[in-house]
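If you want the building blocks of each chain, they are given just below.
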Amino acid sequence: MRNVLMVVSGPSGVGKGTLVKKLCSIRSDVVESVSCTTREPRDGEKHGREYYFISKDEFFARIASDDFLEYDEHFGSYYGTPKSFVKEQLESKSVILEIDVIGGLNARKAFPDSVLVMIAPPSKEILQARLSGRNTESKKEIEDRLSRLEFELEKGAEYDYTVVNDDLSVALQELGNILDNEKNK
Ligand code: 5GP
């Protein structure tokens, strides 16, 4: 059995956060990496749980000290995966990165054995309804996120697996099976 670095990507609103959190809550052999971001926290988000919310100055200082496994800019804010956390955790557990497709492909360059999983919505309309329903982004932010959908799914062709998140419990089961298969390789 090996510990796996699993990247989970997918468009905003597809439910990847919920899936990853559920998987990590029911299994003790996998942990989620918490990224750093320079964006403002949304209602209900907590420093150290969803993200480490840091200033641009701190973010750039951490780039300079090679602290990120990968980082990228989205919608005017920066997001990065802390390298030390991932490396430490991988000694005893599998680690999930919930990041965008470019970040995922970059993570594979840094860790060639990583496993890339794309979470896809059943349809664009369903994704739009989910994004509007969660009431955490402005109309403009929703449009920005939707316009990235095609790009994310296209890039997903380079991923190892695709899981369609129609029924949450089915998608959760699939994600867990992928992890088990990969751990046993
Ligand atoms: P949101 O602001 O909706 O939480 O995230 C915006 C985008 O940033 C999403 O596509 C999310 O997957 C991506 N993201 C979150 N953390 C990271 C990270 O550490 N690295 C990269 N490259 N993207 C990230």
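Anyway, here's the lowdown on the structure attached to this text.

Each value, and the rule that gives it
Residues numbered from 1 in each chain as written. Predicted model: local features only at pLDDT ≥ 70, side-chain atom pairs only at ≥ 80, totals over all residues. Heavy atoms only, no water. Phe/Tyr/Trp six-rings, centres within 6.5 Å; stacked < 30°, edge-to-face > 60°. Helix = DSSP H or I, 4+ residues; strand = E, 2+ residues; numbered from the N terminus. Buried < 20%, exposed > 50% of the residue type's maximum accessible area, 1.4 Å probe, protein only. Near = heavy atom within 4 Å. Polar contact = N/O pair within 3.5 Å; in protein donor to acceptor, adjacent residues only side chain to side chain. Areas by Shrake-Rupley, 256 points an atom, 1.4 Å probe, with all protein chains shown as cover. 1 Å grid on protein atoms, 1.4 Å probe; cavity = no way out; pocket = protein on both sides within 12 Å on 5 of 7 lines; lining within 4 Å. Sits in = over half its atoms within 2 Å of the grid points.

Here we come to the packing of aromatic side chains. Evaluated as defined, the whole model comprises seven aromatic pairs. Plain terms: the ring middles of Tyr51 and Phe53 are 5.8 Å apart, the flat faces sit at 65 degrees to each other, and that makes the pair edge-to-face. The interplanar angle of 65 degrees and the centroid separation of 5.7 Å between the aromatic rings of Tyr51 and Tyr79 together place this pair among those described as edge-to-face. In this pair, Tyr51 is assigned in strand S4 (residues 51–53) and Tyr79 in strand S6 (residues 77–82), connecting sequence segments 28 residues apart. Each member of the pair Tyr51 and Tyr79 is classed as buried.

Taken together, 18 residues sit near the ligand, with Ser35, Arg39, Tyr51, Glu70 and Tyr79 positioned nearest. Here an oxygen atom of the ligand sits 2.8 Å away from a polar atom, N or O, in the side chain of Arg39. A distance of 3.3 Å separates an oxygen atom of the ligand from a polar backbone atom of Gly80. Considered on its own, the ligand offers 520 Å² of accessible surface; in the complex 95% of this is hidden by protein. Taking a 2 Å distance to the grid points as the criterion, the majority of the atoms of the ligand fall inside the largest pocket. If you list the elements that add at least two residues to the shell around the ligand, you get strand S5 (68–74) and S6.

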